[in-house]
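Residue strings, one per chain:
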Amino acid sequence: MTFLPPDVKNALKRQAPKAMRRQMEKEAQDKFKKIKKEMIEEFLSNPITQEIMAGPSAPNISGTLSEKTNLFAFIGFDQGTEPIAPILNLLNGLTLQYDKEIKNKGLGISFRVDLPTPEDIFSVTPLPWATGRSWAEGIERGLSGLGYLLRKDGGRSGAAIQTRVKVRAGKFHNQPYISAFLRRYRKRFEDLT
Amino acid sequence: MKEQFQHQLTTAFSMWFDNFLLTKGEAYTNTTGDFFHYTDNRLDSRYQAYGSSYKQWVTDSSVAGATIASGVCIGGDFSGRDDGVVLDFDNGRALISGSNTDLDVTGEFAVKDFNVYLTNDTEDDLIIENKYIVNSRLPSGPWNYIEPYDDVVPAIFLSTDVSENKPFAFGGMEDTVVHAKAVVLADDTYQLDGVLSIFMDSVNESIPRIPMSGYPITELGDLKGGSYYYTGVENAYSEGTEFFVDKVRTSKLSDRTRNVLANELYVGFIDFDIQLFRYRFQ
């Protein structure tokens with residue numbers, strides 16, 4: 001085994017990150033873009049996302065409501081709104097940025113990916129009838145049928161109560177959504193080499 | 001079945017919630033009033049029920065300034081527990097021994113601004129389906145007793161929702177998180193905003209693990225041992241790890257949607273994440 005003299009080692013530590021930065025950044029960016037693309041595609045192909053994007057007449061492909069109604073109507077969104085858009089904006093805004101040179105543990109540079117946390121997502125996904133609560137968090141933890149009942153025409157007259165049986169039969173089933181998805185991609189971005 | 005973690009959490013959380021609201025918000029009113037006789041078929045035949053106009057009197061003597069009932073005046077003379085009077089704090093009434101149904105009964109007590117109930121009902125059940133008797137805390141006649149047992153508003157309904165264990169430390173220690181929630185049904189926005197504000201600030205509070213035996217109320221609604229101090233019970237169970245209020249989110253039912261409700265109530269939600277590091281089955 002060949003040992004480098006200490007002054008050469010120190011010179012390498014000082015100079016290598018600067019010399020390699022452009023090349024490493026390019027390689028990292030390519031890998032980052034690929035993962036980001038996969039991430040957005042996976043999010044858009046998630047049955048929950050697809051069902052909400054399809055609007056009030058979509059079938060319950062996510063299986064969260066036993067096909068009694070669909071998520072868009074159950075949550076109580078107004079027709080024409082795009083509840084998925086704020087999440088997509090956050091994911092599209094994801095960037096890879098140069099962070100710092102690595103000097104102590106080997107040679108190289110580190111990058112930073114500002115992946116949103118579940119809380120970031122929950123803060124941009126308010127329930128239409130109680131804006132302090134998040135529908136995306138509700139998918140994971142449980143949602144009441146309140147939004148659906150409140151949206152029914154003539155809720156005061158009892159029409160909503162007549163529909164109760166239907167809603168109760170289609171009790172909401174929680175599903176993993178944002179938190180598990182972000183956890184998986186956090187790991188992939190951390191492993192980006 | 002012996003007492004489990006979830007039973008302990010429910011007991012401790014409801015007692016803490018009640019005390020926090022009463023102490024931080026001074027959410028009670030001291031009052032005096034007449035009691036009215038009525039027939040209660042569920043009641044032991046040894047007693048006659050005399051109801052006040054308000055449900056859920058304050059039981060907690062550690063709430064500064066609150067008048068905790070210790071008896072009633074019958075024909076102008078004070079009668080307490082030693083004279084055969086049982087105070088049913090939950091139903092806001094006095095149960096008086098004997099068969100006399102035309103006694104002149106008055107009393108002094110603190111009534112909670114919000115009744116606090118534990119529930120398993122869903123939010124839609126609570127808000128849309130249930131028809132509540134409004135037991136307003138604003139004085140207005142004509143005076144009469146309030147029916148026992150049924151839930152009345154203004155009220156706060158507590159429930160625990162999803163619970164999950166995550167591995168935390170070697171040796172099998174779990175990070176247990178329970179999502180608890182409170183649905184607030186208020187007469188007006190002042191009350192609602194007050195409750196939401198108080199509990200928004202409850203983040204990072206710790207709650208001692210009070211077992212079910214620490215619950216202060218008897219089957220007739222009176223206090224075990226005649227008095228109850230939350231701070232005393234809290235101190236008695238302060239050993240060991242406590243429940244931790246890790247996260248609190250508050251929100252209100254928007255006015256646009258509130259308008260379709262049959263009752264003119266203001267609705268709010270408080271979502272808690274209660275955390276405890278523990279070993280399973282402990």
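Before any of the text, the structure's been laid out above.
Let me begin by describing the structure that accompanies this report. (Residues numbered from 1 in each chain as written. Chains lettered and ligands numbered in written order. Predicted model: local features only at pLDDT ≥ 70, side-chain atom pairs only at ≥ 80, totals over all residues.)

**Quick word on the overall build of chain B**
Regarding its fold elements, chain B presents five helices and 15 strands. For chain B, whose C-alpha radius of gyration is 20 Å, the value lies close to the compact-globule estimate of 19 Å for 282 residues. When the backbone C-alpha atoms are referred to their principal axes, chain B occupies close to 65 × 45 × 35 Å. Every one of the 282 residues in chain B was classed for burial, and the buried ones make up 38%. Contacts spanning at least 24 positions in sequence make up 77% of the contacts within chain B whose residues lie at least 6 apart. (Helix = DSSP H or I, 4+ residues; strand = E, 2+ residues; numbered from the N terminus. Rg over C-alpha atoms; globule rule 2.2 N^0.38 Å. Buried ≥ 20, exposed ≤ 12 C-beta atoms within 10 Å, placed from the backbone. Contact = placed C-beta atoms within 7 Å.)

**A word on the sheet that holds strand S1 (residues 28–38) of chain B**
Residues and elements named next belong to chain B. Strands sit in the order S4-S3-S7-S1-S2-S6-S5 across an open sheet of seven strands; the sheet is antiparallel. What marks the edges here is a single partner per strand, and that holds for strand S4 (77–80) and strand S5 (85–88). Going from strand to strand, the sheet's axes swing by 35 degrees on average, the running direction of each strand aside. Across four bridges, the pairing between strand S3 (residues 71–74) and S4 is antiparallel. For isoleucine 74, the partnering residue across the bridge sits in S4 and is aspartate 77. (Pairing = 2+ DSSP bridges. Axes fitted to C-alpha atoms, helices over the stretch in contact; angles between N-to-C directions.)

**A word on the interface of chain A and chain B**
Listed per partner, the contact involves 17 residues of chain A and 20 residues of chain B. In terms of residue class, the side of chain A that touches chain B is made up of seven nonpolar, six polar and four charged. (Nonpolar A, V, L, I, M, F, W, Y, C, P; charged D, E, K, R; others polar.)

**Overview of the sheet that holds strand S15 (residues 266–279) of chain B**
Residue and element names in this part refer to chain B. Strand order in the open sheet made by the six strands is S8-S11-S12-S15-S14-S13, with mixed pairing throughout. At either end of the open sheet lies a strand with only one pairing partner, and these are strand S8 (115–118) and strand S13 (206–207). Bridge count for strand S14 (residues 243–252) against S15 is eight bridges, and the pairing is antiparallel. When the bridges of S15 are listed, arginine 249 appears paired with aspartate 271. Lying over the sheet, helix H1 (residues 5–25) contacts S8, strand S11 (155–169), strand S12 (173–186), S13, S14 and S15, oriented at roughly 130 degrees with respect to S11.

**Describing the nonpolar core**
All names here are of chain B. Of all hydrophobic cores here, the largest spans 93 residues; its most connected members are Ala94, Val184 and Val195. The element contributing the most residues to this core is H1, with eight residues. Every residue in contact with valine 184, bar those within four places of it in the chain, is listed here: Ile156, Leu192, Val195, Val267, Gly268 and Ile270. (Core = buried A, V, L, I, M, F, W, Y, C linked by C-beta atoms within 7 Å.)

**As for the environment of arginine 112 of chain A**
All names here are of chain A. In this fold, arginine 112 is placed in strand S2 (residues 108–113). Between the C-alpha atom of arginine 112 and that of isoleucine 48, which follows or precedes it by 64 residues, the distance is 29 Å. Ignoring anything within four residues of it in the chain, the contact list for arginine 112 reads Gln97 and Asp99.

**Details of H1 of chain B**
Residues and elements named next belong to chain B. The end-to-end C-alpha separation of H1 is 29 Å, in line with the 30 Å expected for 21 residues at 1.5 Å each. Listed as buried for H1 are Leu9, Ala12, Phe13, Met15, Trp16, Phe17, Asp18, Asn19, Leu21 and Leu22. Just beyond H1, the residue with positive phi is glutamate 26, at close to 45 degrees. (Expected span 1.5 Å × (residues − 1).)

**Some thoughts on unusual backbone geometry**
All names here are of chain B. Proline 154 follows valine 153 through a cis peptide bond whose omega is 5 degrees. For proline 154, the position within the fold is in the loop between strand S10 (152–153) and S11. One non-glycine residue with positive phi stands out, namely glutamine 56, at about 55 degrees. By the element assignment, glutamine 56 lies in the loop between strand S2 (47–51) and S3. Given 23 C-beta atoms within a 10 Å radius, glutamine 56 is considered buried. Here the phi dihedral of asparagine 204 falls at roughly 75 degrees; this positive angle occurs in a residue that is not glycine. As for its placement among the helices and strands, asparagine 204 is situated in the loop between helix H3 (189–200) and S13.

**Considerations on the packing of H1 of chain B against H3 of chain B**
Residues and elements named next belong to chain B. Packing of H1 against H3 leaves a shortest axis separation of 10 Å and a crossing angle of 110 degrees. The angle between the axes of H1 and H3 places the two elements in the roughly perpendicular class. Here Phe20, Leu21, Lys24 and Gly25 of H1 come into contact with H3, specifically with Gly194, Val195 and Ile198. (Parallel < 35°, antiparallel > 145°, perpendicular 65-115°, else oblique.)

It is worth stressing that arrangement in space is one thing and function is another; only the former is reported here.
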